[in-house]
Every structure is written in C-alpha cells, then in structure tokens.
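Listed below are the residues making up each chain.
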Amino acid sequence: MKEGLKETAIRVVVDTAITSFAEGLVTRYTNEHDNPEGVINSKKNNCFIAELGKEFMFYSAFVRSFDSSFGNVLEKMGNNIAKLSYEVRGNINSYILPEQIQRIANILNNYLLHEEPETEHYNTFTTIKPKIIESYRCSHVTDNYFYDKERDMHYLIELKASGDLDNKKARSEKDSLLQQYFMLKNLLISENKPSNNIKIFFGTAYNKYGEGNEWKQARVRQFFSKDELLIGKDYWNFVCDDSGGFDIIFSQYKLSCEKIRKALIIIKDMYF
C-alpha cells in the first residue's frame, strides 16, 4: 500500500474505532439509566462513596468501567491497523510435545533464579516429531498473531492495552507466549514450512512511565528480553509497520477523541 493511502487508511481505522466507542458509551449508559443495578446507579449504594458527592461517585464508577472497555477498543484497533500490513490470523490449532512443555518450565524457573532472558533459550531448542501426535493436539486462543507474507515472518504478541502488567502475571504471560511459539513451530514443521521465522513479543498500548522514558517494570523484564518488548510507541509503530505509525495514530486520536468528550458530557448530564 502506498504511503499516503496507508496513512489515510490508518486514520480511518482510528476514527471509526473511537466514533463507535463514543456512540456505544452513550447507548450503554442511556439503557442503564433506570436500572438500579447499572454501573453508576449501583455505586450510589456505597454510602461512603456517595457521601463524597455526586460527581465523585459518578467518576469513581465510570472510570473503572471506561478503562476496561477502552483497553478492548485499543486492542481491536491495533489488529485492524495491522491488517493493512500483515495477515491477522486466528487461533493456533496444532500440538505441543512433553519435552517442549518441560523446556518452557525450565526456562521460567531459570528466570526466577535471575537468569537473563534471551530468545536463544527457546528458538534453538529442537525436537523430533513423533509418528503419532493425536494425543498432543490442542488449540490456543491468540489475541495478536500477525503474518508478514513479504518477509515470511510470524509474530505472536501478548498485549496489555492498559499499559501495565500485574507483576504476579509476568510468568504466566511468558508461559502463554512460549506455548504459542512451540505450537506454531510444530504446525509449520508439519506443513513443511520454515519454522525458524517466529518472534514473540509482550506489548503495551502506552508507556506508563511516559513515551520516550525507560519502561522499568523489573518483574516483567525478569521474564522478557529487550528484544521481546513492544512498549507504547514501539507497539503502534510495529502494527503500522512504519516508524512514524504512532505519530499518525495519535494525531488522529487527538481529533477523534472529541467525540468521547462529548459523550462524557451527555452521560454526566444524564445522571446528575
């Protein structure tokens, strides 16, 4: 896709996603207005929060729900933008061998003992395909599986759209990615395709320390090497396959988010 056309297409994806989200907010909270079990109305029953005032009560209920919903919007938006440059694929239906599962366990245990994460810990591990694989078959839900046909590269990404990862979940995120990695590798082998062209990443939709600053979640970095991280701007540049992708996305977002502001005013006026 030509550069100018691609930028236009990215802007359309962003504006469509934000417009739909804003309209959905108004619809949802309009439908919940007379429902005592709605997100905002149910907060009124917390006398400790309600006593702090209607406006505080509204935002304490609304923001938490907004955060969760908006994270889903960003992830879907990322996948739709990625479709402009990659094939966005679905679940991996393959198999994983006991020795690969054991290898994953060994890798993660070594990281707990403070071994420095390296991609060579898994991408150099080889196994012999058994004659019968039926008992090893399984399926894995993949949130972000991109295939670059031109480069013949497969990318698996665990994205935390909130920009943050609970330190206790770092190990399970790497575990999930490594399972996907070996399942995809096995699938490519069974299809007689190159299997050394898979990369895994942990990504966030924004840098919680501020774009351009060092991302310092030490617990996460205990399990992920620098080469496996796509933080904030780097994630958006990657899905755009363009070093200026984030700038395009955010410049359009600054225009489109006015629709969210208007939706917030409508919702706020609706409740008090």
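Reading guide: rules and limits
Residues numbered from 1 in each chain as written. Predicted model: local features only at pLDDT ≥ 70, side-chain atom pairs only at ≥ 80, totals over all residues. Heavy atoms only, no water. Helix = DSSP H or I, 4+ residues; strand = E, 2+ residues; numbered from the N terminus. Buried < 20%, exposed > 50% of the residue type's maximum accessible area, 1.4 Å probe, protein only. Salt bridge = Lys/Arg side-chain N within 4 Å of Asp/Glu carboxyl O. Phe/Tyr/Trp six-rings, centres within 6.5 Å; stacked < 30°, edge-to-face > 60°. Expected span 1.5 Å × (residues − 1). Contact = heavy atoms within 4.5 Å. Polar contact = N/O pair within 3.5 Å; in protein donor to acceptor, adjacent residues only side chain to side chain. Core = buried A, V, L, I, M, F, W, Y, C linked by side-chain atoms within 4.5 Å. Axes fitted to C-alpha atoms, helices over the stretch in contact; angles between N-to-C directions. Nonpolar A, V, L, I, M, F, W, Y, C, P; charged D, E, K, R; others polar. Pairing = 2+ DSSP bridges.

What follows concerns unusual backbone geometry. With a phi close to 55°, Asp 152 is a non-glycine residue in the positive phi region. Mapped onto the elements of the fold, Asp 152 is located in the loop between strand 4 (144-148) and strand 5 (153-160). Residues other than glycine seldom take positive phi values, yet Asp 241 does so here, at roughly 55°. Inspection of the secondary structure puts Asp 241 in the loop between helix 8 (233-240) and helix 9 (245-256). Asp 241 sits in the partly exposed class, given a relative accessible area of 33%.

Quick look at the pattern of salt bridges now. Throughout the structure, instances matching the rule amount to twelve salt bridges. Close ionic contact of Asp 241 with Arg 151 constitutes a salt bridge, the shortest N to O distance being 3.6 Å. Here the residue Asp 241 occupies a position in the loop between helix 8 and helix 9, and Arg 151 occupies one in the loop between strand 4 and strand 5, the gap between them amounting to 90 residues.

What follows is about the packing of aromatic side chains. Throughout the structure, instances matching the rule amount to 23 aromatic pairs. Ring geometry for Phe 21 against Phe 70: centres 5.3 Å apart, planes inclined by 45°, an arrangement best described as tilted. Here Phe 21, found in helix 1 (residues 3-31), pairs with Phe 70, found in helix 3 (residues 54-82); they are 49 residues apart in sequence, far enough to count as distant. Accessibility assignment for this pair places Phe 21 and Phe 70 in one class, buried. Centroid distance Phe 58 to Phe 62: 5.5 Å. Interplanar angle 10°. Geometry classified as stacked. A residue pair is termed a helical-turn pair when its members lie 3 or 4 positions apart in one helix, as Phe 58 and Phe 62 do in helix 3 at four residues. Taking the relative accessible area as the measure of exposure, Phe 58 reaches 1% and is therefore buried. Judged by its relative accessible area of 3%, Phe 62 is buried. Three or more aromatic residues joined by ring pairs form one cluster here, namely Phe 21, Tyr 29, Phe 58, Tyr 59, Phe 62, Phe 66, Phe 70, Phe 246, Phe 250 and Tyr 253.

Counting buried residues along helix 8, six of its eight residues qualify, which places the element largely inside the surrounding structure. Turning to helix 8, its buried residues number three or more, namely Tyr 235, Trp 236, Asn 237, Phe 238, Val 239 and Cys 240.

Counted at 1.5 Å a residue, the expected span for helix 1 with its 29 residues is 42 Å, and the 42 Å between its end C-alpha atoms agrees. The set of residues buried in helix 1 consists of Lys 6, Ala 9, Ile 10, Val 13, Val 14, Ala 17, Ile 18, Thr 19, Phe 21, Ala 22, Leu 25 and Tyr 29. On its buried face, helix 1 sits against helix 3, helix 8, helix 9 and helix 10 (258-271).

Within the secondary structure, Thr 204 sits in strand 6 (residues 198-204). Polar side-chain contacts of Thr 204 include one of 3.0 Å to the backbone oxygen of Tyr 206.

Ile 40, Met 77, Ile 81 and Trp 236 are the most contacted members of the largest nonpolar core, which has 44 residues in total. Taken together, the elements giving at least two residues each to this core come down to helix 1, helix 3, strand 5, helix 8, helix 9 and helix 10. Among the elements that make up this core, the one with the highest residue count is helix 3 (eleven residues). For Ile 81, the contacting residues outside a window of four places in its chain are Ile 10, Val 13, Val 14, Trp 236, Val 239, Cys 240 and Ile 249.

When you line up the elements, Glu 173 lands in helix 6 (residues 170-190). Polar side-chain contacts of Glu 173 include one of 3.0 Å to the side chain of Lys 160.

Another aspect to go through is the packing of helix 9 against helix 10. When two helices pack together, their arrangement is given by the angle between the helix axes and by the axis-to-axis distance. As a packed pair, helix 9 and helix 10 sit with axes 5 Å apart at the nearest point and diverge in direction by 30°. Across the interface between the two elements, Tyr 253, Leu 255 and Ser 256 of helix 9 pack against Glu 258, Lys 259 and Ile 260 of helix 10. Considered class by class, the residues forming the contact of helix 9 with helix 10 number three nonpolar, one polar and two charged.

On to the sheet that holds strand 1 (residues 87-89). Picture the strands of a sheet paired through backbone hydrogen bonds; they go either parallel or antiparallel. Spatially, 1-4-5-6-7 is the arrangement adopted by the five strands of the open sheet, whose pairing is mixed. Each of the sheet's edge strands pairs with one partner strand only, and the pair in question is strand 1 and strand 7 (229-231). When strand polarity is set aside, the average angle formed by the axes of neighbouring strands in this sheet is 30°. Bridge analysis of strand 4 against strand 5 gives five bridges, and the strand direction is antiparallel.

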